[in-house]
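Coordinates in review
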Amino acid sequence: MQCELTIEALGTGGDGIARRDGVKLYVPGALPGERVRVELGQAAPGGRRARLLERLTESPQRASPPCEYFGDCGGCVAQHVAARPYADWKVDIIRDALAHRGLADIAMAPLITSPRATRRRARLAVAHRRRARGAVVLGFRRRGSEEVVDVERCTVLLPALEALLKPLRGLAAETDVAEISLTQAHEGIDIILHGFDAPPDLETREALAAFTHAQGIQRLSVESLAAERGRKRARGHGGRVKRQRQAPVLEIIAQPGPVRACFAGVWVDLPPGAFLQPTAAGEDTIRRLVHDGLGLTDLAQGKRGARVADLYAGLGGIGFALASSAAESAPPHQVAMFEGSAEMVSAAGAAARQSGYSVTAEVRDLARRPLSVSELKPYDAVVFDPPRAGARAQAEALAASGVARIAAVSCNAASFARDARILIDGGYRMCTLTPIDQFLWSSHVELVAIFGRDGD
Ligand SMILES: C[S@@+](CC[C@H](N)C(=O)[O-])C[C@H]1O[C@@H](n2cnc3c(N)ncnc32)[C@H](O)[C@@H]1O
């Protein structure tokens, strides 16, 4: 069914939002104020989808999308929005999440945006069209769909990663790869091919190694299900043979040289698949905001530097910068990193020992076993940078602690707002909040918030 609507707002997912008979309608590609003709579609969470057929009026906030795939490719949702309303939209994602938790009047710094063509991490999807021999589609998924949109160019990726799209399409045609992770590490590009049913045979390994050398790749790994599937079958209920669920195995196929990141002058080996901020500019911004916000020099006491817990520390992207920030004549700051991934802790720990800084790294599942109030006692400052689910349990312990200053880094406004509410209910004040746009033109937004004790 078709109808005409006026768009009222830009939703958090980037769709134009309209209402019809009290039902919320999501119209991708439409902007607030525009009069549009749409085809009503399927039910969606909280409303119904609608397909834009025609724009009857055009918003002055409309921009010309820089990418030819915009609208088809699901990677970007907001290239049609001019710079100013785009920045307002990203900031409003955070504002709305805070308001939902009763935190309506928090001041926010202006959005810091990463430039285009700077994304250093991407996960590409691959579809094999079996009937058309050798035909492979490689790109990003269509929005809300499993369908893969073939892309040959990408305006957000670093040019070196964009240049690999074509050769990777050729490689994908020769294998069963389902997804491809790309990371620009310091010395070169790190690739993981995901979705192999079994470890590659000798011929495939040779082809992958040849690709690595021909393209100047720094490392190529394969993620596959373990070998000998047949033997690992078990009898289920009713005696039927069922295939056991197998954890994927990651194997390095070729690595001509080191694959590392450099944080504040400290070189850290990058295990395959390890976390790295999506842009180098975003990483620098986060580091600077955390460092300046915590003010470790003020927190240092007499003969010792400040003591900091870096929670969800990853490879130490933030922690090494804090440890190295004490003035040469001053006592060094002491940083204790806690992180769930044993591989990342091992890499960060080895780098810490080489660095000469006062840094320790410990494996800890902070969702199940957050640092308790008594464990938090020695620390002057804490930084926590959790995955999208946030850090509810850790925020509860922090709220009851005496830690003087806390930096929260988050890539999910909703879980951040929940954790901020917990800290504020525990007597903390949000001193600064800075939104960061690391995922250009997507509906994701990053932020750094600094908390202090009331009266601090
Ligand atoms: C957003 S990253 C932050 C990494 C680091 N702060 C940085 O800037 O590079 C989140 C980190 O949390 C880790 N993580 C996820 N769940 C965890 C858990 N339950 N306990 C501890 N660490 C966890 C991930 O391995 C990842 O390194």
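Residues numbered from 1 in each chain as written. Predicted model: local features only at pLDDT ≥ 70, side-chain atom pairs only at ≥ 80, totals over all residues. Heavy atoms only, no water.

As a further point, take the overall build of the protein chain. Secondary structure assignment for the protein chain yields 11 helices and 25 strands. What you see for the protein chain is a C-alpha radius of gyration of 24 Å, in line with the 23 Å of a compact globule of 456 residues. Principal-axis analysis of the C-alpha atoms gives the protein chain an extent of 70 × 60 × 55 Å. Classification of the 456 residues of the protein chain by burial places 49% in the buried group. (Helix = DSSP H or I, 4+ residues; strand = E, 2+ residues; numbered from the N terminus. Rg over C-alpha atoms; globule rule 2.2 N^0.38 Å. Buried < 20%, exposed > 50% of the residue type's maximum accessible area, 1.4 Å probe, protein only.)

A few words now on the site of the ligand. Neighbouring residues of the ligand: 16 residues in total, closest Glu-339, Gly-340, Asp-365, Leu-366 and Asp-385. A distance of 2.9 Å separates a nitrogen atom of the ligand from a polar backbone atom of Leu-366. Burial of the ligand by the protein chains amounts to 84% of its free accessible area of 600 Å². A per-class count over the shell around the ligand returns 9 nonpolar, 3 polar and 4 charged. (Near = heavy atom within 4 Å. Polar contact = N/O pair within 3.5 Å; in protein donor to acceptor, adjacent residues only side chain to side chain. Areas by Shrake-Rupley, 256 points an atom, 1.4 Å probe, with all protein chains shown as cover. Nonpolar A, V, L, I, M, F, W, Y, C, P; charged D, E, K, R; others polar.)

What follows covers unusual backbone geometry. With phi around 60°, Ala-117 is a residue other than glycine that occupies positive phi space. Mapped onto the secondary structure, Ala-117 falls in the loop between β7 (112-113) and β8 (121-129). Of note in this structure, Ala-264 is not a glycine but carries a positive phi near 50°. For Ala-264, a relative accessible area of 33% gives the class partly exposed.

Attention shifts here to the domain arrangement of the protein chain. How big an interface is tends to be expressed through the accessible area that disappears when the partners come together. Per the domain assignment, the segments making up the protein chain are domain 1 (1-62), domain 2 (121-184 + 188-254) and domain 3 (260-453). Contacts between the two partners involve 11 residues from domain 2 and, on the opposite side, 10 residues from domain 3. Contact between domain 2 and domain 3 buries roughly 730 Å² in total, counting both sides, with carbon and sulfur atoms accounting for 63%. Contact with domain 3 buries area across many residues of domain 2, yet Arg-121, Val-156 and Arg-219 alone supply 57% of it, more than any other trio. Inspection of the region where domain 2 meets domain 3 yields 0 salt bridges. (Domains from an automatic or database assignment. Contact = heavy atoms within 4.5 Å. Buried area = accessible area lost by both parts, 1.4 Å probe. Salt bridge = Lys/Arg side-chain N within 4 Å of Asp/Glu carboxyl O.)

One key point about sheets: their strands pair by backbone hydrogen bonds, in either a parallel or an antiparallel sense. Taken in spatial order, the 8 strands line up as β7-β24-β25-β23-β22-β19-β20-β21 in an open sheet, and their pairing is mixed. Single-partner strands in this sheet number two, and they are β7 and β21 (358-363). Across 6 bridges, strand β23 (residues 405-410) lies against strand β25 (residues 446-453) in antiparallel orientation. Paired with Ser-410 across the strands is Leu-447, a residue of β25. (Pairing = 2+ DSSP bridges.)

Counting 84 residues, the largest nonpolar core has Leu-168, Ile-180, Ile-191, Leu-193, Phe-416, Leu-433 and Phe-451 as the members making the most contacts within it. Each of domain 2 (121-184 + 188-254) and domain 3 (260-453) gives at least three residues to this core. Excluding its chain neighbours within four sequence positions, the residues that come into contact with Leu-168 are Leu-124, Leu-138, Ile-180, Leu-182, Ile-191 and Phe-211. (Core = buried A, V, L, I, M, F, W, Y, C linked by side-chain atoms within 4.5 Å.)

The next thing to look at is the sheet that holds strand β11 (residues 179-184). Sheet architecture is open: 7 strands sit in the order β10-β9-β8-β11-β12-β13-β16, paired in mixed fashion. Each of the sheet's edge strands pairs with one partner strand only, and the pair in question is β10 (148-150) and β16 (248-254). Neighbour to neighbour, the strand axes of the sheet diverge by 30° on average, direction disregarded. Across 5 bridges, the pairing between β8 and strand β9 (residues 135-141) is antiparallel. Counterpart to His-128 in the pairing with β9 is Val-136. Taken strand by strand, helix α4 (residues 202-214) contacts β12 (189-196), β13 (219-225) and β16, and its axis lies near 55° from that of β16. (Axes fitted to C-alpha atoms, helices over the stretch in contact; angles between N-to-C directions.)

Right, let's talk about the packing of helix α1 (residues 83-100) against helix α11 (residues 413-425) for a bit. At a closest axis distance of 8 Å, the pairing of α1 and α11 adopts a crossing angle of 40°. Our classification of the angle between α1 and α11 gives oblique. Of the two possible hands of crossing, α1 and α11 adopt the one that is right-handed. Between α1 and α11, the residues in contact are Ile-93, Ile-94, Ala-97 and Leu-98 and Ala-413, Ala-414, Phe-416 and Ala-417, respectively. Classifying every residue of the contact of α1 with α11 by side-chain character gives 8 nonpolar, no polar and no charged. (Parallel < 35°, antiparallel > 145°, perpendicular 65-115°, else oblique. Left-handed = near helix turned anticlockwise from the far one by under 90°.)

Turning our eyes to something else, we now look at the side chain of Gln-79. Here Gln-79 is to be found in the loop between β6 (47-55) and α1. By relative accessible area, Gln-79 is classed as buried at 2%. Other than its neighbours up to four places away in sequence, Gln-79 contacts Ala-63, Ser-64, Pro-65, Pro-66, Cys-67, Phe-70, Thr-155 and Trp-441.

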